[in-house]
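# Fold and contact review
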Amino acid sequence: MQIRLAKTAGFCFGVDRAVNLVYDLVDKGERVCTLGPIIHNQQVVDDLSSKGVKTIEKPSDCDAEYKIVVRTHGVEKSVIEEIENSGTPYVNATCPFVLKIHRIVSEQNPDTVTLIAGDENHPEVMGFRSFCKGRSYVFRNENELENIISSNEIGNNDSVICVSQTTFSLEEWKKCKKKLKKVYTNCEIFDTICSATSDRQEEAHSLSKECDAMIVIGGRHSSNTCKLRDVCSENTPTFLIETASELSGIDFSPYKVVGVTAGASTPSVIIKEVLKTMSEEIKEKEVETTEEVVETAEIADNAEKAAVDASADGEATFAEMLEESFSDDDTSKVVKGIVVNITPTEVFVDVPGRKQTGVIASDDLSAEPFDKCEDVVSIGDELDLIIMKTDDQDGVLKLSKKLTDAFKGWDEIVAAKEADEILEGIVTAVIRGGVLVTVKGTRVFVPASLTGVPRNQELDVLKGATVRFKVIDLNNSRRRAVGSIKVVALEEKKAAEEEAWAKLEEGMVLTGTVKSLTSYGAFVDIGGIDGMIHISELSWTRIKHPSEVVKVGDQVEVTIKALDDENKKISLGFKKIEDNPWEILKRDYPVGTDIDATVVGLAAFGAFANVIPGIDGLIHISQISWDRIKTPADVLKVGDEIKARITEIDFDKKRVSLSMKELLEKPEEKIAALASDDEAEEAADEE
């Protein structure tokens, strides 16, 4: 039998952060109680209990001299308020991704309806709802979402947003999003499934297809662990266990390849024990793992202690400084200082317990650009600082705030990478191969190819600009981060296109901007998506190039003629019906109208003359003159200005008949007129 271990099995960022926080408090001698189980893993809870950590259900259960730790799932808003009002010291270990959702829903207006994908009885979802200012509805799947929709409790004009529990099923979320986009076209959807959760589910789905059976390790009350079990069960027999002792009840003999994954609340020690138990009777070479969980856990555990370059300037590493903080040497110690004076070039601080004056040079104050020191700190501020140098002769401590900012900001950078979150920072330097973006006191390198700046343009255009980007790669051992501005721009463009497509219908009249011209038409931006006006749709008259009608940058009113959803193509119309020359002819030139026309062509059977722009009429050879002529060319040539009468219009066949002779005197009338003139002359002579 082969054993295949999932790459992403084990503690996620939020759980690792919370558990380490509690253990650190215990190691420091703190008396700790957790508000509910710190995570949904009984083994971890039992181990903490053995170290004196109590689990309480409500803040009032906390004994005196104890500190409360809020669990990773978070709690309801009223609970936090109760703790703060009681004055009990507490630490909020709520996962940053959960706090992000608290922030999203709390920032909405009271008339905004919040839809939540998740389990309404789960503490995480209960917390979300407590921060909602308006109505909120919870659904566990597409069917329950359909019930909410069919209840008609949400009106078409209501402002609607949707978030999800961080451990919600990725496949179910995709189906629900599709339904939401069709029903509530104005709904703002936030993808709040934790990236660690989605990665685990996707990997478990793929791995379960390649294995004869799957082992899922984790607490039976853990939402993300149960989701992993459900995902794997779709493809192969799946067993959920909490510890290695439960393996004895499973018969592995029918299976050649067994996959192993674990929930985000499962410690590496339990995973290691399960692997060891499963492989006791298997040769070492038969155990195939995509990545050792133990090694991964050790890397994550040592990330805080690794030798890292926090300043990104080649200075002493922050980890080394922390280590030296416990030695007798002052250099690199981490201290607290209170700002007592600010000058244009330095900030002076009082460091309790120190005789020397603390000084922060402006270069060591912040990695982000600033005009003056007052923009960064104020008198009375308490700062975490690093002693860069002790100068007893001058009686000063040379301190740095920039290094501590970088160290603190690194956790947020890591969290942003885990959550696939967009960050905002300032481009502070253009270097060889790209730019440096400063965010949360940490510098992130963005390669030139990922800045979104065209190759023929200098990167200097970004210097000093505020940019939105995502962290795409991390080097924990050196605290180096690589970001991409381009990926955010592409995601936002795609989101805008999807939103635009959801609202488009044939026949809609929109205003757009001409983006580019080709020989066959014009491309128009109609709000995050492009459509094309074919050259034949630009004018009622024949044109050789679109530039005869529009130019790049023009604001134009267009009509959607056709939508190709599969190929994402939009055909646009530009010609207006009121400009149709046949409509103008019908309105202003009825049969019998006399016109001035220009001869535009000659044929054996007649001549063609331009009636109005876009319409030519035929003057049959018999209608040119009352005299018999052999060919129109005998009396007309192209370019002649003539007078003619409209004698017939066929709007179905788009034909106009003209006559010149209708405006000429008939021969018999001319003879009669001449005879009359002769008689008049004779009468005059007789007189």
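An account of the accompanying structure is given in this report. This structure is a prediction, so every number in the text was calculated from the model and none was measured.

So, about the sheet that holds strand β21 (residues 442–447). Reading around the circumference, β19-β20-β21-β23-β22 is the order of the five strands in this closed barrel, with mixed pairing throughout. Each neighbouring strand pair of the sheet contributes to a mean axis angle of 50 degrees, computed without reference to strand direction. With five bridges joining them, strand β22 (residues 466–475) and strand β23 (residues 480–484) adopt antiparallel strand pairing. Across the sheet, the residue bridging to V471 is G483, located in β23. Together, β19 (423–431), β20 (434–439), β21, β22 and β23 form the strand contacts of helix α13 (residues 402–419), whose direction differs from that of β22 by roughly 85 degrees. Relative to β22, helix α14 (residues 486–503) is tilted by about 115 degrees, and along the sheet it contacts β22 and β23.

This part covers the pairing of strand β29 (residues 594–603). Inspection of the sheet shows β29 paired to strand β32 (residues 641–650) by five bridges, in the antiparallel sense. The residue bridging D594 from the neighbouring strand is R645, located in β32. Relative to strand β30 (residues 606–612), β29 is paired through five bridges, and the arrangement is antiparallel. Residue pairing in the sheet places G601 in a bridge with F608 of β30.

The next subject is a nonpolar patch on the surface. On the surface, V600, F605 and F608 cluster together into a nonpolar patch covering about 240 Å² of accessible area. Inspection of the secondary structure assignment puts F608 in strand β30.

Relative to strand β25 (residues 521–525), strand β24 (residues 509–518) runs antiparallel, the two being bridged by five bridges. When the sheet's bridge partners are listed, S516 is paired in β25 with F523. The hairpin turn running from β24 into β25, its antiparallel successor, is two residues long. Here β25 runs beside strand β26 (residues 530–534); their pairing, made up of five bridges, is antiparallel. Residue pairing across strands places F523 opposite M532, the latter belonging to β26. In this structure, the hairpin formed by β25 and β26 is closed by a connection of four residues, where G527 is found at a positive phi of approximately 105 degrees.

Calculation notes
Residues numbered from 1 in each chain as written. Predicted model: local features only at pLDDT ≥ 70, side-chain atom pairs only at ≥ 80, totals over all residues. Heavy atoms only, no water. Pairing = 2+ DSSP bridges. Helix = DSSP H or I, 4+ residues; strand = E, 2+ residues; numbered from the N terminus. Axes fitted to C-alpha atoms, helices over the stretch in contact; angles between N-to-C directions. Contact = heavy atoms within 4.5 Å. Patch = residues over 30% accessible without salt bridge, like charges linked within 9 Å, V, L, I, M, F, W, Y side chains within 5 Å. Areas by Shrake-Rupley, 256 points an atom, 1.4 Å probe, with all protein chains shown as cover. Salt bridge = Lys/Arg side-chain N within 4 Å of Asp/Glu carboxyl O.

By themselves these figures say nothing about function.
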